[in-house]
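Here is what each chain is made of, one letter per residue.
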Amino acid sequence: MESNLKLENIMQEGMIPEEHTGGENWEILHGDTLRLVKAFEPAVFDAVVTDPPYASGGTKQNERNRTTNQKYSSMKAENALPDFDGDNKDQRSWTHWMAEWLYDVRKACKAGAPICLFIDWRQYPSITDALQWAGWIWRGTAVWDKGNSRPQKGRFRQQAEYIVWGSNGPMPISRPVSCLPGVFRYGNP
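Keep in mind the model is a prediction, meaning the values are calculated, not measured.

Trainee: Quick rundown of the pairing of strand S6 (residues 160-167)? Include the residues and the values.
Mentor: Summarising the sheet, strand S4 (residues 114-119) and S6 pair through six bridges and their orientation is antiparallel. Residue Pro-114 lies in a different strand from S6, and its bridge partner there is Ser-167. Summarising the sheet, strand S5 (residues 137-145) and S6 pair through eight bridges and their orientation is antiparallel. Its bridge partner lying in S6, Gly-140 is registered against Trp-165.

And the structure:
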């Protein structure tokens, strides 16, 4: 990010959320995604890297309706992270929600801007649909090999997550970026 890229310059007047924190060249906004992405000025972002709620924690509705800590954390209650909203949607509503905010965030990106979306195997087909419905060009997938995972007898280890990536229209070849690896090997702590 450029040093002059301040929230006041990239968001419509009066739309900066009360809850936000940042440092030099970065900012974390806390709020409703659908509302926040509509508040960005057009063509201000060079890239999007995001790890959206997967809404895939469970095979049955009652499992998906548990809190995020119940689904994903093995921490003791006193050490648990705060729960987050949006993780109990069925696949169709999740795909619609993704396409909606991806469409708005694409308008806030410069032409050719790349997008990287982290996802697991359960929502992989849905996220590629949402990306394309929102007008992005789907460019492919990279793999995050976490190296370790809970073993399941008689099944493959679920040690990989995926980075679905695309671009806001054509990507200039002249960008100062080298060839990136297709597999990232970092252990899951």
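Trainee: I'd like a description of the sheet that holds S5, backed by residues and values.
Mentor: Sheet architecture is open: five strands sit in the order S3-S4-S6-S5-S7, paired in mixed fashion. Whereas interior strands pair on both sides, the edge strands pair on one side only; in this sheet they are strand S3 (48-50) and strand S7 (183-185). Pairwise comparison of adjacent strand axes, ignoring direction, gives a mean angle of 20 degrees for this sheet. The pairing of S5 with S7 spans three bridges and is classified as parallel. Residue pairing in the sheet places Asp-145 in a bridge with Arg-185 of S7. Relative to S6, helix H6 (residues 124-133) is tilted by about 10 degrees, and along the sheet it contacts S4, S5 and S6.

Trainee: Before we move on, can you summarise the packing of helix H5 (residues 91-107) against H6 with the specific residues and values?
Mentor: Each packed pair of helices is defined by two parameters, the angle between the axes and the distance between the axes. Contact geometry of H5 with H6 gives a least axis separation of 8 Å together with a crossing angle of 35 degrees. Along this stretch, H5 crosses H6, giving a crossing that reads as right-handed. Contacts between H5 and H6 pair Gln-91, Trp-94, Thr-95, Met-98, Ala-99 and Leu-102 from the former with Ser-126, Ile-127, Asp-129, Ala-130, Leu-131 and Trp-133 from the latter. Residues that form the contact of H5 with H6 fall into these classes: eight nonpolar, three polar and one charged.

Trainee: Residue-level account of the environment of Ile-115, with values.
Mentor: Within the secondary structure layout, Ile-115 lies in strand S4. Judged by relative accessible area, which is 0%, Ile-115 ranks as buried. Sequence-wise, Ile-115 and Ser-167 are 52 residues apart; in three dimensions their C-alpha atoms are separated by 5.8 Å. Dropping the residues within four chain positions of it, Ile-115 is found in contact with Val-48, Leu-102, Leu-131, Trp-136, Val-164, Trp-165, Gly-166 and Ser-167.

Calculation criteria
- Residues numbered from 1 in each chain as written.
- Predicted model: local features only at pLDDT ≥ 70, side-chain atom pairs only at ≥ 80, totals over all residues.
- Heavy atoms only, no water.
- Pairing = 2+ DSSP bridges.
- Helix = DSSP H or I, 4+ residues; strand = E, 2+ residues; numbered from the N terminus.
- Axes fitted to C-alpha atoms, helices over the stretch in contact; angles between N-to-C directions.
- Contact = heavy atoms within 4.5 Å.
- Left-handed = near helix turned anticlockwise from the far one by under 90°.
- Nonpolar A, V, L, I, M, F, W, Y, C, P; charged D, E, K, R; others polar.
- Buried < 20%, exposed > 50% of the residue type's maximum accessible area, 1.4 Å probe, protein only.

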